[in-house]
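If you want the building blocks of each chain, they are given just below.
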Amino acid sequence: MSLLVLTPPGEWGADCVVGSTQRFGVPLGYGGPHAAYFATHNEFKRDIPGRIIGVSIDTSGQPALRMALQTREQHIKRDKATSNICTAQVLLAVMAGMYAVYHGPKGLKAIALSIHKSAVVVADAIQSLGFVVVHNSYFDTLKIQVGDAANKIERLALDASINFRYPGDGSVVLSIDETTMESDLVDIISVFAKAAGKNPTSISENKSVVSALLKSEHPLSRKSDYLTHPVFSSHHSETKMLRYMKKLENKDLALNHSMIALGSCTMKLNATSEMVPLSWATFSNIHPFVPTSQVEGYMEIIRELEKDLCTITGFDAVSLQPNSGAQGEYAGLMVIRNYFISKGQLNRDISLIPSSAHGTNPASAVMAGMKVIVVKCDEKGNIDVTDLKDKAIKHRDNLACLMVTYPSTHGVYEESIKEITQIIHDNGGQVYMDGANMNAQVGLTSPGMIGADVCHLNLHKTFAIPHGGGGPGMGPIGVAKHLAPFLPGHPIIQTGGGDPNATPVSAAPWGSVSILLISYGYIKMMGNNGLKLATQLAILNANYIKHRLENHYPILYKGSQGNCAHEMILDCRAFKNSAGIEVTDIAKRLMDYGFHAPTVSFPVAGTIMVEPTESESLDELDRFCDAMIAIRKEIEAIENGSVSKENNVLINAPHIIAEISADKWIYPYSRQQAAFPLPYTKENKFWPTVKRIDNAYGDRNLVCTCPGVESYEEAEVVSEK
């Protein structure tokens, strides 16, 4: 907000800038969720963590937006990744972006000036009462030296329902924002006046005070333009804004249209009854550092949610602080690290990670100061127990942990999981369980039961927080009793287990607290039986899809009983030789059928990982299966030669409305086959906005050529020799 009137950091020599978008229309929410940002010069773009939205072109030559640079870099670079975060706080970024669109550059500057003028009025009035404002230059925050009057001011402020900050050095700190009304300014000044035993100066007498900062000749005043794109000057009425947002929404294929069966990170129902409390002012308009006595409702929810998650996971303690699954991974590994430090075993820094693991696992391990050793998987997708045992014994003096996902990322329950955890414990290590697939455990088993010592929970998946295009998310961690003292602490409000090395992983004591309301509501409304039933239905739905599709697509991995867990991998690799069809062609063709593609080429290249969740009805499962079977028949038509390999409905997919409605039709198949391949598509058609994007054009010298996980295994073999 201050940069609307102050010279931006990029203009005075900063190389990178970090900050929060919370001031742009996002509630405080007792700590979150908020979208942070990281900005830097063009020359450093290769080192930026995460992804950048860049402009490319589609196959018809039209402009198209795509994610460029390190797209899912964790799965490419593994432990060489620059970050373990694979998603972003997209929903919050959208909120901040829409705030900027609605107000535009002129409106935003007016808000910034209003905030600063209010701060100037307060500063001038307080100084007239005999107190000293420490800084001559400020935007919205005042530090006031009050000496022995600090305690008196605190009592008077609380009586007036006002919270200030008290650093403990005889000063008081306060901030003004756009919601601070004139009546609030009067109340603030009155508190200081009472403390000084004087009559407050009226606001009207101070309105004429103007800070030198607001004068254009001031060296800190911003001269450059901002938000110059036409979109920021076009939508300043509620009607226009509504239509603009609806236009954008129509480009998104979301759960309100069809199921999104993304394996490993799927989309389930986010019930309205769980979401509504986020909009209540009593939850959303709370500062993260207010005295805990003022948030007894939140304290009750936090305590009960921690207790419920302990019961579900079979652990003794939980920290709600991590703001994402990846941050949960890091926090859990730091708990293990600090545990070994407390025992004087600083040498324990080896993390064993299966080759099938999420890419965030090795990246998190490196961030936590560990070295990664890759463990093989067998032909059935399970951890190679012999290889695990050999490496655990070899590194037993330095072994810190095993990172294991259960059920595995291959969609099967590791039947040797207890043997695996015992091997690690026998060799002095701890077991970190990745909770990405916890939705296949709840009510049936638990991390504590299988012998894990710590795990993180993806609340955006198992416990109903919406994905929001990548965020908000939460990744609480649960730990066994011996690790409880090492849970993340906080310097402002006491949390965690008390170990001095247990530093925070988030700025707020309980992370993005307001969205915990969703999981709290989900757990309370579902109850014990409902949570177990959800797990059973997720497994049932997955096996129903497996049963319908296994005669059309090979299922890559199955358990000993021939079943999958909550997800399965469809092997599409043979189609490249038989029909010239890549897995990407299937993904793009699914758009014509009205479906978001499941997870493509992870954890195995050339495959599709499908996870339906418990939220989908039988008719929706059948609709998806019908689409996949119809696509398989389209591939068969290429295989038997009745359709060209070079010009067919799959490699030309998706088909956009511009070409379907064009006067000239250039393809050897009908418009109906292209856009309405099954009857249901005529009733509920989703139109993709662009055709396939030219990735080479979009990346332009940004293609990552980093080695895969196998290279690390080869490197270890060399070192053994």
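Parameters and conventions
Residues numbered from 1 in each chain as written. Predicted model: local features only at pLDDT ≥ 70, side-chain atom pairs only at ≥ 80, totals over all residues. Heavy atoms only, no water. Patch = residues over 30% accessible without salt bridge, like charges linked within 9 Å, V, L, I, M, F, W, Y side chains within 5 Å. Areas by Shrake-Rupley, 256 points an atom, 1.4 Å probe, with all protein chains shown as cover. Salt bridge = Lys/Arg side-chain N within 4 Å of Asp/Glu carboxyl O. Helix = DSSP H or I, 4+ residues; strand = E, 2+ residues; numbered from the N terminus. Buried < 20%, exposed > 50% of the residue type's maximum accessible area, 1.4 Å probe, protein only. Polar contact = N/O pair within 3.5 Å; in protein donor to acceptor, adjacent residues only side chain to side chain. Pairing = 2+ DSSP bridges. Axes fitted to C-alpha atoms, helices over the stretch in contact; angles between N-to-C directions. Contact = heavy atoms within 4.5 Å. Parallel < 35°, antiparallel > 145°, perpendicular 65-115°, else oblique. Left-handed = near helix turned anticlockwise from the far one by under 90°. Nonpolar A, V, L, I, M, F, W, Y, C, P; charged D, E, K, R; others polar. 1 Å grid on protein atoms, 1.4 Å probe; cavity = no way out; pocket = protein on both sides within 12 Å on 5 of 7 lines; lining within 4 Å. Points joined across faces, edges and corners; volume = space filled by probe spheres on them. Disulfide = S-S within 2.5 Å. Core = buried A, V, L, I, M, F, W, Y, C linked by side-chain atoms within 4.5 Å. Phe/Tyr/Trp six-rings, centres within 6.5 Å; stacked < 30°, edge-to-face > 60°. Lys NZ or Arg CZ within 6 Å of the ring centre and 35° of its normal.

**Student:** Mind showing me how you'd approach a nonpolar patch on the surface here?
**Tutor:** On the surface, Ile53, Val55, Leu65 and Met67 cluster together into a nonpolar patch covering about 420 Å² of accessible area. Breaking the nonpolar patch down by element, the ones donating at least two residues are strand S3 (52-57) and strand S4 (63-68). Within the secondary structure layout, leucine 65 lies in strand S4. Exposure remark for leucine 65: the relative accessible area of 61% places this residue in the exposed category.

**Student:** Would you mind going over the pattern of salt bridges with me for this structure?
**Tutor:** Two side chains that carry opposite charge are able to pair once their charged atoms sit near each other. A full pass over the atoms with the stated rule returns 21 salt bridges. For lysine 143, the salt bridge goes to aspartate 169, with nearest N and O atoms at 3.1 Å. Within this pair, whereas lysine 143 is found in strand S6 (residues 141-145), its partner aspartate 169 is found in the loop between helix H3 (150-159) and strand S7 (171-175), the two being separated by 26 residues in sequence. With relative accessibility at 26%, the residue lysine 143 sits in the partly exposed group. Aspartate 169 sits in the partly exposed class, given a relative accessible area of 41%. Two residues, glutamate 634 and arginine 589, come together in a salt bridge whose shortest N-O distance is 2.8 Å. Taken as a pair, glutamate 634 in helix H18 (residues 618-639) and arginine 589 in helix H17 (residues 583-592) lie far apart in primary sequence, 45 residues in all.

**Student:** Just to check I follow, could you spell out the side chain of lysine 391 for this structure?
**Tutor:** Among the secondary structure elements, lysine 391 is positioned in helix H12 (residues 385-394). Among the polar contacts made by the side chain of lysine 391, one reaches the main-chain carbonyl oxygen of valine 374 at a distance of 2.6 Å.

**Student:** When you look at the sheet that holds strand S14 (residues 477-479) in this model, what are you seeing that I'm missing?
**Tutor:** Consider a sheet: its strands pair through backbone hydrogen bonds, and that pairing is either parallel or antiparallel. The sheet built from 7 strands is open, its strands ordered S8-S14-S13-S12-S11-S9-S10 with mixed pairing. Lying at the two open borders of the sheet, with one neighbouring strand each, are strand S8 (317-319) and strand S10 (371-375). Direction aside, the axes of adjacent strands within the sheet are offset by 25° on average. Sheet topology note: the strand S11 (residues 399-405)/strand S12 (residues 430-434) ladder contains 5 bridges and is parallel. Bridging from a neighbouring strand, cysteine 401 pairs with glutamine 430 of S12. Packed onto the sheet, H12 meets strand S9 (350-354), S10 and S11 and runs at close to 150° relative to S10.

**Student:** Any chance you could explain the sheet that holds strand S5 (residues 132-133) here in plain terms?
**Tutor:** If you walk across this open sheet you meet the 3 strands as S5-S6-S7, and the pairing is antiparallel. Two strands in the sheet have a free side with no partner beyond their single neighbour: S5 and S7. Examined bridge by bridge, S6 and S7 share 5 bridges and lie antiparallel to one another. Looking across to S7, one finds that lysine 143 is bridged to valine 173.

**Student:** What am I meant to see in the packing of helix H9 (residues 296-313) against helix H15 (residues 513-549) here?
**Tutor:** Where H9 meets H15, the closest approach of the two axes is 10 Å, and the angle between their N-to-C directions is 45°. By the angle class used here, H9 and H15 are oblique. Relative to H15, the crossing made by H9 is left-handed. From H9, Tyr298, Ile301, Ile302, Glu304, Leu305, Asp308, Leu309 and Ile312 reach across to H15, where they touch Val513, Ser514, Leu516, Leu517, Ser519, Tyr520, Ile523, Lys524 and Leu531. For the contact of H9 with H15, the class distribution of residues is 12 nonpolar, 2 polar and 3 charged.

**Student:** Just checking my understanding: could you explain the environment of glycine 168 for this structure?
**Tutor:** Checked against the element boundaries, glycine 168 lands in the loop between H3 and S7. The exposure class assigned to glycine 168 is exposed, which follows from its relative accessible area of 73%. When the C-alpha positions of glycine 168 and alanine 150 are compared, they lie 8.3 Å apart, and in sequence the two are 18 residues distant.

**Student:** Help me out: how do you make sense of the layout of surface pockets in this one?
**Tutor:** It is a probe the size of a water molecule, rolled over the atoms, that shows where empty space is left. Its boundaries defined by the atoms lining it, the second largest pocket holds a volume of some 280 Å³. Looking at the second largest pocket, it is lined by 17 residues, and the ones nearest its centre are Pro33, Leu92, Met95, Leu278 and Ile515. Secondary structure elements with two or more residues in the lining of the second largest pocket: helix H2 (90-128) and H15. Taken together, the residues of the lining of the second largest pocket break down into 14 nonpolar, 3 polar and no charged.

**Student:** What's the story with the state of the cysteines in this structure? I'm lost.
**Tutor:** One way to say it: the disulfide is the covalent bond shared by the sulfur atoms of two cysteines. All told, the structure shown has 0 disulfides when counted by the stated rule. Looking at cysteine 572, it has no disulfide partner, and the nearest cysteine sulfur is the one in cysteine 625, 14 Å off. Assessed through its relative accessible area of 2%, cysteine 572 is described here as buried. Cysteine 564 supplies the cysteine sulfur nearest to cysteine 625, a cysteine that is in no disulfide, at a spacing of 11 Å. Of the residues examined, cysteine 625 reaches a relative accessible area of 0% and is grouped as buried.

**Student:** Would you mind going over the nonpolar core with me for this structure?
**Tutor:** The nonpolar side chains of a soluble globular protein tend to be buried with one another. In terms of nonpolar packing, the biggest core is built from 58 residues, with Tyr30, Leu309, Leu352, Leu388 and Phe463 touching the most fellow members. Of all the elements in the fold, those that place two or more residues in this core are H9, S9, S10, H12, S11, helix H13 (417-426), S12 and H15. The element best represented in this core is H15, accounting for 10 residues. Setting aside its immediate chain neighbours within four residues, leucine 388 contacts Leu352, Val375, Ile383, Leu402, Ile420, Ile423 and Ile424. The next biggest cluster of nonpolar side chains, apart from the first, holds 51 residues, and it includes Val5, Ile144, Val146 and Ile203.

**Student:** Sorry, what's going on with the packing of aromatic side chains here?
**Tutor:** How two aromatic rings sit relative to each other is set out by the distance from centre to centre and by the angle between their planes. Following the criterion strictly, the structure yields 19 aromatic pairs and no others. Look at tyrosine 339 and phenylalanine 340: their rings are 5.3 Å apart centre to centre, the planes differ by 55°, and that puts the pair in the tilted class. With a relative accessible area of 14%, tyrosine 339 lands in the buried category. For phenylalanine 340, a relative accessible area of 2% gives the class buried. Ring pairing ties together the aromatic residues Tyr30, Trp280, Phe283, Tyr298 and Trp510, which thus form one cluster. Across from the ring centre of phenylalanine 676, 5.6 Å away, lies the NZ or CZ of lysine 685, which sits over that ring. Seen from the ring of tryptophan 687, lysine 685 lies directly overhead, with NZ or CZ sitting 4.9 Å from the centre.

**Student:** Even after reading the chapter, I still don't get unusual backbone geometry, so can you show me in this structure?
**Tutor:** Most peptide bonds take the trans form, and the phi angle of most residues other than glycine is negative. Between glycine 32 and proline 33 the backbone carries a cis peptide bond, its omega angle lying at 15°. With respect to the secondary-structure elements, proline 33 resides in the loop between strand S1 (16-20) and strand S2 (36-40). Geometrically, the link from tyrosine 406 to proline 407 is a cis peptide bond, its omega value of -10° lying close to zero. Considering the arrangement of structural elements, one finds proline 407 in the loop between S11 and H13. Within the chain, tyrosine 30 stands out as a residue other than glycine whose phi angle is a positive 55°. With respect to the helices, strands and loops of the structure, tyrosine 30 is situated in the loop between S1 and S2. In the Ramachandran plot, threonine 613 falls in the positive-phi region, its phi being about 65° despite a non-glycine side chain. Of note, threonine 613 is situated in the loop between strand S17 (607-610) and H18. Its relative accessible area of 2% is what places threonine 613 among the buried residues.

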